[in-house]
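Residue-level structure breakdown
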Amino acid sequence: MSKILTVKSSAYDDQKPGTSGLRKRVGVFETKANYAENFIQSIVTAAAEPAQRQDAVLVVGGDGRYYNKHVIQLIIQISAANGIGRLVIGQNGILSTPAVSCIIRKIKAIGGIILTASHNPGGPDGDFGIKFNISNGGPAPEAVTEKIFQLSKTIEEYAICPDLKVDLSTIGKQQFDLENKFKPFTVEIVDSVEAYANMLRNIFDFNALKELLSGSEHLKLRLDAMHGVMGPYVKRILCEELGSPANSAVNCIPLEDFGGHHPDPNLTYASDLVQAMQTGDYDFGAAFDGDGDRNMILGKHGFFVNPSDSVAVIAANIFTIPYFQQTGVRGFARSMPTSAALDRVAKATKIALYETPTGWKFFGNLMDANKLSLCGEESFGTGSDHIREKDGLWAVLAWLSIIAKRKQSVEVIMQEHWQKYGRNFFTRYDYEEVDAAAASKIMKDMERVMFDRAFIGHKFTVCEEEYIVEKADNFEYCDPVDGSISRNQGLRIIFTDGSRLIFRLSGTGSAGATIRVYIDSYYKDACKIFQDPQAMLSPLIKIALKFSQIHERTGRTKPTVIT
């Protein structure tokens, strides 16, 4: 019989969830008294009314980073004390973010708690995060995160069963009798991969993929799990089931510090994969982030597929995937900073296109209203309405399905796409861990200039290239489903030729602020579409840096990361 205790606590004023939950340095969670307990209690309070909790199920898992197992035990103890009837937890606390979304939907849970800081570094000196997903399997919308935040600012106590401990390593159900509770509390430890793998079997043609990966002329893969959560998924699905050789998958053991690396699948942080692909020994490469929702696609000799182009190619070849043959295609969507490459496909196919703020919850709303089938973000996120999260392995299998059908290389598929639709040259400059006050001042100063009436029609001239401002705003989104309005989603300068400069403060960091600069320009001319993006965008890059004064005002000489 486990005792339920009520523990007095003091509220914190800094537990406002960002676009992907609450992220802080590990030390904040470890050293501030009751910091994690307060936030978990706030989530449980917001998730369900007391009378509903005995019949409620919560899914719990994480990316294996440092402090995960400790916080999972806290979630168990606090959930039990608050009357939650059942928890479903991935074995050893491991569940990818897409798998959590899958399981929530499959078992009709009231939601899930994901312990991840996604693509941010791990370990004792790294980052930690707690994220709440709602019953549709997607990230909590702003109304829910705001409720959690308000609760966290006024919390005075939390309930906990401190002596309740669960063996996370053994698959099966464990039941616990609690003081003053009529029903026993149930914790079910489940295989981390199986439910998610079964879902993918019903989306893709696994026979065709198996022939592609293990036939006599099989495609040679290089898959880098970056010591994040995706290792077990890649090994089980791509190697064991689809037949890609075991040595085609690397860094597949989830580590608390991701092997000392930054688990972000881009050209900077996944440089080991880039170098391996540049040798020409492999036909197809992919990397995944810490929690498995992001992906990077590379072709032979390190040919890079920009994420904005990736979702456009999948859209243009969408019926190579059996799932869409059955469901049809309801709509496409991209986040506002993502290049307009997807728009070209939508226009050609006469399929509705939605432009949303950054954050997967906006896509989820459209999906729940049957308006959206495929979507993507330039931040290496791609997905469909099979779940309510971006899905790194789904994107890889989508690309492999296209290759199996077209029997062409990544590079040829991409080049033929540009020839047909034209090319949106795109780049993103990230300035990480900028002083938050300084970053905010840079944004406000740019907005003040942009909102001056004289700015419309302003000419920027660089290297004999002339760009005339047609529109300048701070992106605002009215949700076509519920009418909610999201303001201040990014500064946009749109030129008369359709080129765009976008400036955003990111909500996914744990320290300081990240300023992101996005540059997008479209070309149809056949003699230009194969040029280097940085060269083609050079005039616009110069305009963006001069207009923002970002180097002068931050003391930086270059971005932290260039995509």
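Above: the structure in question.
First, a word on scope: everything that follows refers to the structure included in this document. This one's a predicted model, so the numbers in the text were calculated from it and none came from an experiment. (Residues numbered from 1 in each chain as written. Predicted model: local features only at pLDDT ≥ 70, side-chain atom pairs only at ≥ 80, totals over all residues. Heavy atoms only, no water.)

Attention now goes to the overall build of the chain. Looking only at helices and strands, the chain has 19 helices and 27 strands in total. Considered along the principal axes of its C-alpha atoms, the chain spans approximately 80 × 60 × 40 Å. Out of the 563 residues belonging to the chain, those deemed buried represent 60%. Long-range contacts, defined as pairs at least 24 residues apart, comprise 71% of the intrachain contacts of the chain with a sequence gap of at least 6. Carbon and sulfur atoms provide 49% of the accessible area of the chain, an area that totals close to 21,600 Å². (Helix = DSSP H or I, 4+ residues; strand = E, 2+ residues; numbered from the N terminus. Buried < 20%, exposed > 50% of the residue type's maximum accessible area, 1.4 Å probe, protein only. Contact = heavy atoms within 4.5 Å. Areas by Shrake-Rupley, 256 points an atom, 1.4 Å probe, with all protein chains shown as cover.)

Our next topic: the packing of helix α10 (residues 307-316) against helix α15 (residues 410-421). With their axes 11 Å apart at the nearest point, α10 and α15 run at an angle of 80° to one another. The angle between α10 and α15 places the two elements in the roughly perpendicular class. Across from Asp309, Ala312, Val313 and Ala316 in α10, the residues of α15 making contact are Ile413, Met414, His417, Trp418 and Tyr421. Partitioned by chemical class, the residues of the contact of α10 with α15 number 7 nonpolar, 1 polar and 1 charged. (Axes fitted to C-alpha atoms, helices over the stretch in contact; angles between N-to-C directions. Parallel < 35°, antiparallel > 145°, perpendicular 65-115°, else oblique. Nonpolar A, V, L, I, M, F, W, Y, C, P; charged D, E, K, R; others polar.)

All told, the structure shown has 34 salt bridges when counted by the stated rule. Salt bridges sharing partners connect three or more residues here, namely Arg334, Asp343, Glu355, Lys471, Asp473, Arg492, Arg500 and Asp520. (Salt bridge = Lys/Arg side-chain N within 4 Å of Asp/Glu carboxyl O.)

Pairing within the open sheet is mixed, and its 7 strands lie in the order β2-β6-β5-β3-β4-β9-β8. Each edge of the sheet is formed by a strand with only one pairing partner; in this case those strands are β2 (22-25) and β8 (172-176). Strand-to-strand, the axes of this sheet are offset by a mean angle of 15°, without reference to chain direction. Note: β8 against strand β9 (residues 185-190), 5 bridges, orientation antiparallel. Directly across from Lys173, in β9, lies its bridge partner Glu188. Contacts from helix α3 (residues 68-81) reach β3 (57-62), β4 (86-94), β5 (111-115), β6 (127-134) and β9 within the one sheet, and its direction differs from that of β4 by about 170°. (Pairing = 2+ DSSP bridges.)

To continue, consider the nonpolar core. One finds Leu200, Phe204, Leu238, Phe284, Leu393, Trp394 and Leu400 to be the most contacted residues of the largest nonpolar core, which totals 79 residues. Take this core: its biggest share by element is 11 residues, from helix α14 (residues 392-406). Here Phe284 is in contact with Leu219, Lys220, Leu221, Arg222, Met277, Ile297, Leu298, Val396, Trp399, Leu400, Ile403 and Val410, once residues within four sequence places are set aside. In this structure, Ile43, Ala81, Ile84 and Ile113 belong to the second largest nonpolar core, which totals 46 residues. (Core = buried A, V, L, I, M, F, W, Y, C linked by side-chain atoms within 4.5 Å.)

Glancing now at the sheet that holds strand β10 (residues 221-224). Across the sheet, 5 strands lie side by side as β11-β10-β12-β13-β14; this open sheet has mixed pairing. The open sheet terminates on both sides in strands that have one partner only, identified here as β11 (249-250) and β14 (303-305). With 4 bridges connecting them, β10 and strand β12 (residues 284-288) associate as parallel partners. Each bridged residue has a counterpart across the sheet, and for Asp224 the counterpart in β12 is Ala287. Each of β10, β12, β13 (295-299) and β14 touches α14; the most contacted strand, β12, lies at about 170° to it.

Most of helix α13 (residues 360-368) is tucked away: 7 of the 9 residues are buried. Asn370 occupies a position one or two residues after α13 and carries a positive phi of about 60°.

With respect to the element layout, Arg25 can be found in strand β2. You can call Arg25 partly exposed: its relative accessible area is 29%. For the pair Arg25 and Gly259, spaced 234 residues apart in the sequence, the C-alpha separation amounts to 18 Å. Within the structure, the side chain of Arg25 is placed 2.7 Å from the side chain of Asp127, a separation counted as a polar contact. (Polar contact = N/O pair within 3.5 Å; in protein donor to acceptor, adjacent residues only side chain to side chain.)

A word on the packing of helix α2 (residues 35-47) against helix α5 (residues 142-154). Relative to each other, α2 and α5 sit at 130°, their axes nearing to 9 Å. Classified by the interaxial angle, the pair formed by α2 and α5 is oblique. Pair α2 / α5 crosses with right-handed handedness. Contacts from Phe39, Ser42, Ile43, Thr45 and Ala46 of α2 reach α5 at Lys147, Ile148, Leu151 and Ser152. Grouping the constituent residues of the contact of α2 with α5 by class yields 5 nonpolar, 3 polar and 1 charged. (Left-handed = near helix turned anticlockwise from the far one by under 90°.)

A separate point is the packing of aromatic side chains. Scanning all chains against the criterion turns up 21 aromatic pairs. Aromatic side chains Tyr196 and Tyr233 sit 5.6 Å apart centroid to centroid with 85° between the ring planes, which places their arrangement in the edge-to-face category. Of this pair, Tyr196 sits in helix α6 (residues 194-201) while Tyr233 sits in helix α8 (residues 231-241); the two residues are 37 residues apart in sequence, bridging distant segments of the chain. A residue is classified by how much of its surface remains accessible, and Tyr196, at 2% relative accessible area, is buried. A residue is classified by how much of its surface remains accessible, and Tyr233, at 0% relative accessible area, is buried. (Phe/Tyr/Trp six-rings, centres within 6.5 Å; stacked < 30°, edge-to-face > 60°.)

What follows concerns α10. The buried fraction of α10 amounts to 9 of the 10 residues, a majority that puts the element mostly inside the structure. Listing the buried residues of α10 in full gives Pro307, Ser308, Asp309, Ser310, Val311, Ala312, Val313, Ile314 and Ala315. At the N-terminal boundary of α10, the capping side chain belongs to Asn306, with an oxygen 2.9 Å from the backbone nitrogen of Ser308.

Let's shift gears to the pairing of β6. Burial analysis of β6 places 7 of its 8 residues in the buried class, which makes it a mostly covered element. Across 4 bridges, β2 lies against β6 in antiparallel orientation. Of the residues in β6, the one forming a bridge with Lys24 is Phe128. Here β5 runs beside β6; their pairing, made up of 5 bridges, is antiparallel. From the neighbouring strand, Leu115 faces β6, where its bridge partner is Ile130.

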